[in-house]
Amino acid sequence: MNPARSRAFRNDERRTARTSLPGNPLAPSAARRFVRAALAEWTSLGLLTTCALCQGDEACPPGGHSTDVLADDAVLIVDELVTNAVVHAGTNVELLCRLEAPPEPDGERPDDVPGAGSGDDTAGEREPAALVIEVSDHHPARSVRSDAHGPASDGSPEYGRGLQLIAALTERWGITYRTGLKTVWARLPLSGPAAEEQAGSAADGAAAVNGVVGEPALRRGLRAAEIIAPAPRGTAREDPDWISRGALSFLAEASDLLAGQLDEDLVAALAGQLLVPRIADWCAIWLDGEGEGHGRAGAAPRLARVWHADESRIELLRALLEKEPPRLLDSPHAQDGTGSGPGRNVPVPVPWPGSGQTGAHDGAAVSCRLVAGDRPLGTLVLGRRRLARMPDEVTALIEDFARRVALAIGAARRYTRQATISRILQRGLLPSQVARIPGVESHLVYEPADDGVVGGDFYDVFPAPPGGRWCFMLGDVQGSGPEAAVVTGLARPWLRLLAREGYGVGEVLDRLNRLLLDDAMEAAEAAALMVAVAGGQDLSGGESGLPGLSDLGPIGDIRDIGKSLDDGRGGGLADGGQSRFLSLLYGQLEPLPGAGARCTLASAGHPLPLLLKPDGTVRTAAEPQLLLGVDENVAYESLSFDLESGDTLLCVTDGVTERRSGRRLLDDEDGLTTILAGCTGLSAQGVAERIRRAVHDFDPSPPSDDLAMLVLRAV
């Protein structure tokens, strides 16, 4: 394009289209329609060349013209960006589409767009003309979500691969911040072979953005109509050979996507998107209440997901289904209406929603129970238009698919039950609130590494009458899960009881150590008895002449039995003989007259507490000693000091000190001390938050161990 034409195009105000959309679920579909309408208008006006990839109607296949490809890419990008803005910002969304001319030979950038100033194009490598899309929201503090890290990480990622899609389709994209506004922009090049410039009118000269000019108005109008109302493209199910050729790959893909999903509603959502439009025009999934099945009454089934190929009809379909829930017809495979017999998960015909009779002219619909392990979990209903009955090969595919959905829902429910039990157990093992200490500001951080498993870290802050004593503890049990929960359930109440009996810090640890050893010996004796019974022996010391438990020897022998159980030599009964080690930081505070407090504490195999002075110096506040539950002959000693006004005491578990990034640990070369030294003047909450942020920022991956810390600051 020569400079005159480029300037003429830049001065044409018709090359920009903008709109404002409400921040609700209807915004993405409105944005898609707006983009197609804008591209169609530009095409009909001649501002956008309808095809840069061919010079004739027969050169490109249907749907393969450059304008078709551009429209498809633009719709995908706008849908993702607008959805992202609605979900994560929740404000009104501003959408702008602009045709951008290529730069002039003197190096002038085509437009003042975000990101256009980067790069160093030469005259020989100039950027092509482009379609620029900008999506803005009014919540600039929110982050743009990509969530390409996988599950969640546990799994899953929950929100897809949005920005990876944008990066794959665009020449470049970016984010621009303005006052009260965040804009995500993307640049789609109008690529294609440069055609020779043709003589034409000034309008044609200004119109040929990507190198082709002089296209007939009739042809431009036809292309515009195709953009705004694209011809429907065939789905896989319309291929008569697809069931035989693609069924296995479809089921394999479904298994991969459903496996590992830990939320039953997410499983239902994925199932709907897998079925529509590949297999059906619409589908719905009901989920039974947890208590239903096997003769037990439970909550009424709920309509968890409705999906339709035409998004505008989803709410209408939902209303019809909620008004008339489908009922399974009696059949040789589903005589009880539950699908729990020999033919469970078998699809059976049901009336089309709103028609009232099976096989109505609207189409064919089938329903099948979702059953896993002889337990009904829900119902899958789907339909296809313009069919008198569902083909047999399709119903067979639906049956296999329903079985996979049922297994995924069953696994998600088991995980949910386990996570719920763990959370309840965790709440019972940890205090509902920590006591306030007069003259001392405190702040606690506790983050279990896995929400679905009981952690091994525990804490407590409580008063210890008589007198003005306040006790605090921070402990870490060996391992995690039920074994760690057992020790936590023993240690914290024992500590509270011993403290309230008036024992000093060292005495409390001595007695707790012996209690743990006694409990471990009893567990080992019980495990030894179970091994003997499993082997047909009588260890009661009776007429058989075999020695009784009292003759087995000292505690070391019992532990040898426990060790053999752990090594797998005890018939698989290792649970009873596991040693119960515990690291603990325990201290007592007595407020001093005026300000500050007298602190007495001891560390048993625990990361040493750090004391931060107002001048920024940091020192350890305890001496290292042996873990609890290892040796009954150890005597624990305490250390006392004054926690003066402005002093800060930091207590952490090894989830902080042993936070790993590659081969490095956070506390290598006194890393934690260095971080704490920079917290001078901060409140207890400020110190805790800075340490917590440092732990998370130390490595991109989430922490693999429980994180607990207690900050005490004298005021």
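Provided above is the structure to which this section pertains.
No experiment lies behind these values; they were computed from the predicted model shown.

The next point concerns the overall build of the protein. Secondary structure assignment for the protein yields 16 helices and 22 strands. Taking all 715 residues of the protein together, the buried fraction comes to 46%. In the protein, 68% of the contacts between residues at least 6 apart in sequence involve partners at least 24 apart.

Two strands in a sheet stick together by hydrogen bonds in their backbones, pointing the same way (parallel) or opposite ways (antiparallel). Here five strands make up an open sheet; going across it, the order is S12-S13-S14-S15-S18 and the pairing antiparallel. Every other strand in the sheet has two partners, leaving strand S12 (457-464) and strand S18 (639-643) as the edge strands with one partner each. On average, each strand axis in the sheet is tilted by 20° relative to the strand beside it, whichever way the strands run. In this structure, strand S14 (residues 582-591) lies alongside strand S15 (residues 597-604), joined through eight bridges in antiparallel fashion. What sits directly across from Tyr586, in S15, is Ala602.

What follows covers the pattern of salt bridges. In this structure the tally under the stated criterion is 25 salt bridges. Of the charged contacts in the structure, one is a salt bridge between Asp392 and Arg389, with a shortest N-O distance of 2.8 Å. A relative accessible area of 53% places Arg389 in the exposed class. Here Arg492 and Asp460 are joined by a salt bridge, their closest N and O atoms 3.0 Å apart. Pair noted here: Arg492 is in helix H11 (residues 482-500) and Asp460 is in strand S12, with a separation of 32 residues, a long-range link. Judged by its relative accessible area of 12%, Arg492 is buried. The network of salt bridges with common partners includes Glu264, Asp265, Arg302 and Arg413.

The next subject is the nonpolar core. Membership of the largest hydrophobic core comes to 50 residues, with the highest contact counts inside it found for Phe458, Phe472, Leu584, Tyr586, Leu589, Leu628 and Leu649. Here Phe458 is in contact with Leu430, Met473, Leu474, Gly475, Asp476, Val477, Thr488, Ala491, Leu495, Leu582 and Leu584, once residues within four sequence places are set aside. Ranked by size, the runner-up nonpolar core spans 34 residues in total, among them Val267, Ala268, Ile279 and Ala402.

For the rest of this paragraph, the subject is the pairing of strand S13 (residues 469-477). Most of S13 is tucked away: nine of the nine residues are buried. Residues of S13 alternate between two faces, with Arg469, Cys471, Met473, Gly475 and Val477 on one and Trp470, Phe472, Leu474 and Asp476 on the opposite face, all of them buried. With eight bridges connecting them, S12 and S13 associate as antiparallel partners. Opposite Ala464, over in S13, you have Arg469 as the bridge partner. Taken together, S12 and the strand that follows it, S13, pair antiparallel across an intervening segment of four residues, in which Gly467 is found at a positive phi of about 90°.

Now for the pairing of S15. Among the eight residues in S15, seven count as buried, and that is most of the element. Where S14 folds back onto S15 in an antiparallel hairpin, the turn is made up of five residues, including Gly594, whose phi is positive at roughly 95°.

A cluster of acidic residues, Asp518, Glu522, Asp631 and Glu632, forms a negative patch at the surface. Exposure remark for Asp631: the relative accessible area of 31% places this residue in the partly exposed category.

With that settled, the discussion passes to helix H16 (residues 684-697). Taking 1.5 Å of rise per residue, 14 residues should cover 20 Å, and H16 covers 20 Å from first to last C-alpha, within 8% of that figure. Taken residue by residue, H16 has Ala684, Val687, Ala688, Ile691 and Val695 as its buried positions. For H16, the angular spread of buried residues about the axis comes to 95°, placing them on one side. Those residues of H16 that are exposed and angled more than 90 degrees off the buried face are Gln685 and Asp697. Next to the buried residues of H16 lie strand S11 (440-447), strand S19 (648-652), helix H14 (654-657), helix H15 (671-677) and strand S22 (707-714).

Bringing the side chain of Arg369 into the picture now. Relative to the elements of secondary structure, Arg369 occurs in strand S9 (residues 363-372). With relative accessibility at 12%, the residue Arg369 sits in the buried group. Among the polar contacts listed, one links the side chain of Arg369 to the backbone oxygen of Gly378, at a separation of 3.2 Å. At a separation of 2.8 Å, a polar atom in the side chain of Arg369 contacts the side chain of Thr379.

Rules of the game
- Residues numbered from 1 in each chain as written.
- Predicted model: local features only at pLDDT ≥ 70, side-chain atom pairs only at ≥ 80, totals over all residues.
- Heavy atoms only, no water.
- Helix = DSSP H or I, 4+ residues; strand = E, 2+ residues; numbered from the N terminus.
- Buried < 20%, exposed > 50% of the residue type's maximum accessible area, 1.4 Å probe, protein only.
- Contact = heavy atoms within 4.5 Å.
- Pairing = 2+ DSSP bridges.
- Axes fitted to C-alpha atoms, helices over the stretch in contact; angles between N-to-C directions.
- Salt bridge = Lys/Arg side-chain N within 4 Å of Asp/Glu carboxyl O.
- Core = buried A, V, L, I, M, F, W, Y, C linked by side-chain atoms within 4.5 Å.
- Patch = residues over 30% accessible without salt bridge, like charges linked within 9 Å, V, L, I, M, F, W, Y side chains within 5 Å.
- Areas by Shrake-Rupley, 256 points an atom, 1.4 Å probe, with all protein chains shown as cover.
- Lys, Arg positive; Asp, Glu negative; His and termini not counted.
- Charge placed at Lys NZ, Arg CZ, Asp CG, Glu CD.
- Expected span 1.5 Å × (residues − 1).
- Arc of directions from axis to C-beta.
- Polar contact = N/O pair within 3.5 Å; in protein donor to acceptor, adjacent residues only side chain to side chain.

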